[in-house]
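Understanding the architecture of this molecule
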Amino acid sequence: MNTGSDEPGEIATADDETTAEPALGSRAPHFIKARRALHLSWQVGVFIVGLAVVGAGVIMLPLPGPGWLVIFGGMAIWATEFVWAQLVLRWTKRKVTEATQRALDPKVRRRNIILTTIGLVIIVGLGAVYVWKFGFEMPWNIKE
């Protein structure tokens, strides 16, 4: 298993785990599923609560707050009742796992560290040129 070191080793994949995915479908209690009208009202309630949570997450995207986390939380609420949301969450989990495995690859990590270092050197260099030319003066206060 890759522990984050630069030495090559095995990379754990989702195939190594023997966890079975739960069956698709409603997770409502049996007494609710037994009555059609009650089950339909249950689904409407779950949809409204999930919609409110997803809406709050969308609002948090440009504002301070954990927008994506809240959106995924709303999707998890929907996934308790709707197959389409369960499939979206499974796809998302699979893609996040794949991205995590790619990010833990030593070659990718090394490349990311090099690119970050180059970017920081450029930013520090531009800042040094600015301070050398204008001093510690704010750009809107410079008169030339």
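Within every chain, residues take consecutive numbers counted from 1 along the sequence as written. Local features are withheld for residues below a pLDDT of 70 in this predicted model, meaning they are given only at 70 or higher, and side-chain atom pairs are given and counted only at 80 or more; totals for whole chains, interfaces and linings count all residues. Values shown for side chains rest on all heavy atoms present in the structure; no hydrogens or waters enter the calculation.

Another point: helix α3 (residues 67–79). Here α3 contains 13 residues, and its C-alpha end-to-end distance of 18 Å stays within 8% of the 18 Å for a straight helix at 1.5 Å per residue. All of the buried residues in α3 are Gly67, Val70, Ile71, Gly74, Met75, Trp78 and Ala79. Any two residues whose heavy atoms approach within 4.5 Å are treated as being in contact. Counting from the N terminus, the helices are the DSSP runs of H or I reaching at least four residues and the strands are the DSSP runs of E reaching at least two. Considering only its buried residues, α3 is in contact with α2 (36–60) and α4 (83–103). Take the number of residues in a helix, subtract one, and multiply by 1.5 Å to get its expected span. Partly exposed describes any residue whose relative accessible area lies between the buried limit of under 20% and the exposed limit of over 50%, with all areas from a 1.4 Å probe on protein chains only and scaled to the type maximum.

Let us look at a nonpolar patch on the surface. Patch construction takes residues with relative accessible area above 30% that form no salt bridge. Like charges are linked within 9 Å, and nonpolar side chains (Val, Leu, Ile, Met, Phe, Trp, Tyr) are linked within 5 Å. For the area figures, the Shrake-Rupley method with a 1.4 Å probe applies, and any residue is considered shielded solely by the protein chains shown. Just to be clear on terms, a salt bridge is a Lys or Arg side-chain nitrogen sitting within 4 Å of an Asp or Glu carboxyl oxygen. On the surface, a cluster of nonpolar side chains totalling about 640 Å² of accessible area is made up of Leu40, Val44, Phe47, Ile48, Leu51, Trp84 and Val88. Elements supplying a minimum of two residues to the nonpolar patch: α2 and α4. Ranked by residue count, the leading element in the nonpolar patch is α2, at 5 residues. Residue position: Val44 is located in helix α2. The exposure class of Val44 is partly exposed, given its relative accessible area of 43%.

As used in this record, nonpolar core signifies buried Ala, Val, Leu, Ile, Met, Phe, Trp, Tyr and Cys residues forming a set joined through side-chain atoms within 4.5 Å. One finds Val46, Val54, Met75, Trp78, Ala79, Phe82, Ala85 and Leu89 forming the largest nonpolar core, which totals 8 residues. Counting only elements with at least two residues in this core, the list comes to α2, α3 and α4. The greatest single-element share of this core, amounting to 3 residues, is contributed by α3. Sequence-distant contacts of Val54, defined by excluding residues within four places in its chain, comprise Ile71, Gly74, Met75 and Trp78.

This next bit is on α4. Compared with the 30 Å implied by 1.5 Å per residue over 21 residues, the 30 Å span of α4 between its first and last C-alpha is a close match. For α4, every residue scored as buried is listed here: Ala85, Gln86, Leu89 and Thr92. Take α4 and look down its axis: the buried residues cluster within an arc of 125°, on one side only. Lining the buried residues of α4 we find α3. Directions from the helix axis toward the C-beta atoms define the arc.

Moving on, we get to the environment of Leu87. With respect to the helices, strands and loops of the structure, Leu87 is situated in helix α4. What makes Leu87 partly exposed here is its relative accessible area of 43%. Sequence separation between Leu87 and Leu24 is 63 residues, and the spatial gap between their C-alpha atoms is 8.3 Å.

Pairing of aromatic side chains here covers Phe, Tyr and the six-membered ring of Trp, requires ring centres within 6.5 Å, and sorts the geometry by plane angle: under 30 degrees stacked, over 60 edge-to-face, intermediate tilted. Under the defined criterion, the tally for this structure stands at 6 aromatic pairs. Plain terms: the ring middles of Tyr130 and Phe134 are 5.2 Å apart, the flat faces sit at 50° to each other, and that makes the pair tilted. Here the residue Tyr130 and the residue Phe134 both occupy positions in helix α5 (residues 106–134), the gap between them amounting to 4 residues, near one helical turn. Exposure remark for Tyr130: the relative accessible area of 26% places this residue in the partly exposed category.

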